[in-house]
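Coordinate inspection notes
One letter stands for each residue in the lines below.
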There are 2 protein chains.
Amino acid sequence: MSTQPDTRLRRLREKGSKDFTLACEIIDAAKICHVGITVDEQPYVLPMAMARDGKHLLLHGSIASRVMKSLDSGINCCVTVTHLDGLVLARSAFNSSMHYRSVMIFGVATAVTGFADKEHGLKLLTEHLLPGRMADIRPSTRKEINATMFLRLPLKTFTVKVSKAPPDDPQKDLESTAWAGVVPLRLKAGKPIAAPDLAKGITVPANVRHLR
Amino acid sequence: MSTQPDTRLRRLREKGSKDFTLACEIIDAAKICHVGITVDEQPYVLPMAMARDGKHLLLHGSIASRVMKSLDSGINCCVTVTHLDGLVLARSAFNSSMHYRSVMIFGVATAVTGFADKEHGLKLLTEHLLPGRMADIRPSTRKEINATMFLRLPLKTFTVKVSKAPPDDPQKDLESTAWAGVVPLRLKAGKPIAAPDLAKGITVPANVRHLR
């Protein structure tokens, strides 16, 4: 609040970008983010579910949640979304690294107050968790919507960083006999596990099956 | 610095723990963490590689890195390691959630200063990236070690949270016709991609192949 966040990229500048479309792609492909707040000079970094609502990042939590309350108090936050995309195995420890895509978003989150807007928020988060899910489950109750706090953070001040290059070894290391390259990493869905209390005869729907 | 971090768990207390062994397991299974620092009242959350060195978390970066310098200045930080383990699809949006394991570590990081200790740090980080890698690559040079800053954060003040239960729907929702359950998620390695400048005849070693 007192100052603008310093979003200048000093290190590895060639990996940086302010591209909004790219930021959205990275956010849309992620299920969780890491939310950073500072309370009494102590930073806290918390994993949270999220979704994108146009030009805002949408967070939610219990109205009893201390973090949600802190975020709602007008403090600066930093929300980072990261995909670990691979291991970069160079011919030296020094040049080894990782492939990743990340967005750091800076700003002040504001609470969503209208009932319809909160309902819309829960829908967005649910559809982000699993596209098509809203059609299969019952509508949310007034009590559930009231018990949930939604916060919107503008996708305005952000930094994107993408690392996707092959190992970059100096010429003198190229005679190494070590294998060098990239091992791609990807978050993959496994076989769905039915709830123990699932009624017999209910089969895994297509949108769940398609996650594999 | 001014105060102790507040690590009391208020929400979802049953998911919390202070178990050191569990914290180590979660850290050892992760390749990256999210480091939170506060500079001029603005929190920053940065993804970083890491490894565990016994009872410390080990971070590294360029000696020119602003974040490393900030961390080294004696400020409080929070480092969070998170695994997203699954989607919990309940019969309502409200009860849907995720499986995860996370550790939040609070403290002040201190720089590793001795050359041998720094060399040891780079070895730990490299072996954490890929076990057995040190045997295949050339030793690090003095210049490389000197250009790298290593920071150790004690695994002393931390909070572990694990969510691994099936969907928890109220009795009245159990007559829903919606499929309910968990879709497990896991970070998986794909087919290794050789560096474009890899000499002919160098095959993918066993430790790389075993990642799949």
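It should be noted that the structure appears before, not after, this text.
First, a word on scope: everything that follows refers to the structure included in this document.

Definitions and limits used
- Residues numbered from 1 in each chain as written.
- Chains lettered and ligands numbered in written order.
- Predicted model: local features only at pLDDT ≥ 70, side-chain atom pairs only at ≥ 80, totals over all residues.
- Helix = DSSP H or I, 4+ residues; strand = E, 2+ residues; numbered from the N terminus.
- Buried ≥ 20, exposed ≤ 12 C-beta atoms within 10 Å, placed from the backbone.
- Contact = placed C-beta atoms within 7 Å.
- Arc of directions from axis to C-beta.
- Least-squares fit on C-alpha atoms with pLDDT ≥ 70 in both.
- Pairing = 2+ DSSP bridges.
- Nonpolar A, V, L, I, M, F, W, Y, C, P; charged D, E, K, R; others polar.
- Core = buried A, V, L, I, M, F, W, Y, C linked by C-beta atoms within 7 Å.
- Expected span 1.5 Å × (residues − 1).
- Axes fitted to C-alpha atoms, helices over the stretch in contact; angles between N-to-C directions.

This next bit is on the overall build of chain A. Tallying secondary structure elements over chain A gives 5 helices and 12 strands in all. Expressed as a percentage of its 212 residues, the buried residues of chain A come to 40%. Residue pairs in contact within chain A that sit at least 24 positions apart in sequence constitute 73% of those at least 6 positions apart.

Moving on to helix H1 (residues 20-28) of chain A. Residues lying three or four places apart along an α-helix face the same way, a consequence of the helix completing one turn every 3.6 residues. Residues and elements named next belong to chain A. Here H1 has its buried residues at Ala23, Ile26 and Ile27. Each buried residue of H1 sits inside an arc of 100° when the element is viewed along its axis, so together they form one side. H1 presents Thr21 and Asp28 as exposed residues on the side facing more than 90 degrees away from its buried surface.

Glancing now at the relation of the copies chain B and chain A. The two copies are related by a screw motion: chain B maps onto chain A through a turn of 180° and a shift of 0.0 Å along the axis, at an RMSD of 0.0 Å. One copy is carried onto the other by what is essentially a two-fold rotation axis. Nearest to the rotation axis, the C-alpha of Leu187(B) is located 2.1 Å from it, this being the minimum over chain B. Interface overlap between copies is the fraction of interface residues in one copy that are interface residues in the other; for chain B against chain A it reaches 100%, indicating a shared surface.

A few words now on the sheet that holds strand E4 (residues 51-53) of chain A. Residue and element names in this part refer to chain A. Read from one edge of the open sheet, 4 strands run E4-E5-E9-E8, paired in antiparallel fashion. What marks the edges here is a single partner per strand, and that holds for E4 and strand E8 (110-111). Direction of pairing for E4 relative to strand E5 (residues 56-62): antiparallel, over a ladder of 3 bridges. By the bridge assignment, Asp53 is partnered in E5 with His56.

What follows is about the interface of chain B and chain A. At the junction of the two partners, chain B supplies 85 residues and chain A supplies 85 residues. A class-by-class count of the residues in the side of chain B that touches chain A yields 49 nonpolar, 21 polar and 15 charged. Here strand E11 (residues 181-189) of chain A runs beside strand E12 (residues 193-194) of chain B; their pairing, made up of 2 bridges, is antiparallel. Considered in E12(B), the bridge of Gly181(A) is made with Ala194(B).

Glancing now at the nonpolar core. By size, the foremost hydrophobic cluster in this structure holds 82 residues, and its most contacted members are Leu57(A), Val103(A), Ile105(A), Leu57(B), Val103(B) and Ile105(B). Beyond its immediate chain neighbours, meaning those up to four positions away, Val103(B) contacts Ala23(B), Ile26(B), Ile27(B), Thr80(B), Val81(B), Phe158(B) and Val160(B).

So, about helix H3 (residues 115-129) of chain A. Residue and element names in this part refer to chain A. With 15 residues, H3 should reach 21 Å at 1.5 Å per residue; the first-to-last C-alpha distance of 21 Å fits that figure. For H3, every residue scored as buried is listed here: Lys118, Gly121, Leu122, Leu125 and Thr126. Buried residues of H3, seen end-on, are gathered within an arc of 130° and therefore sit on one face of the element. Contact partners of the buried residues in H3: strand E3 (42-49), E4, E5, helix H4 (142-146) and strand E9 (148-154).

Right, let's get into the sheet that holds strand E9 (residues 148-154) of chain B. All names here are of chain B. Taken together, 4 strands build an open sheet; the order of strands is E4-E5-E9-E8 and the sheet is antiparallel. In the strand order of this sheet, the two ends are held by strand E4 (51-53) and strand E8 (110-111), each with one partner. Where E8 meets E9, 2 bridges bridge the pair, whose relative direction is antiparallel. Across the sheet, Thr110 pairs through a bridge with Arg152, a residue of E9. Each of E4, strand E5 (56-62) and E9 touches helix H3 (residues 115-129); the most contacted strand, E5, lies at about 100° to it.

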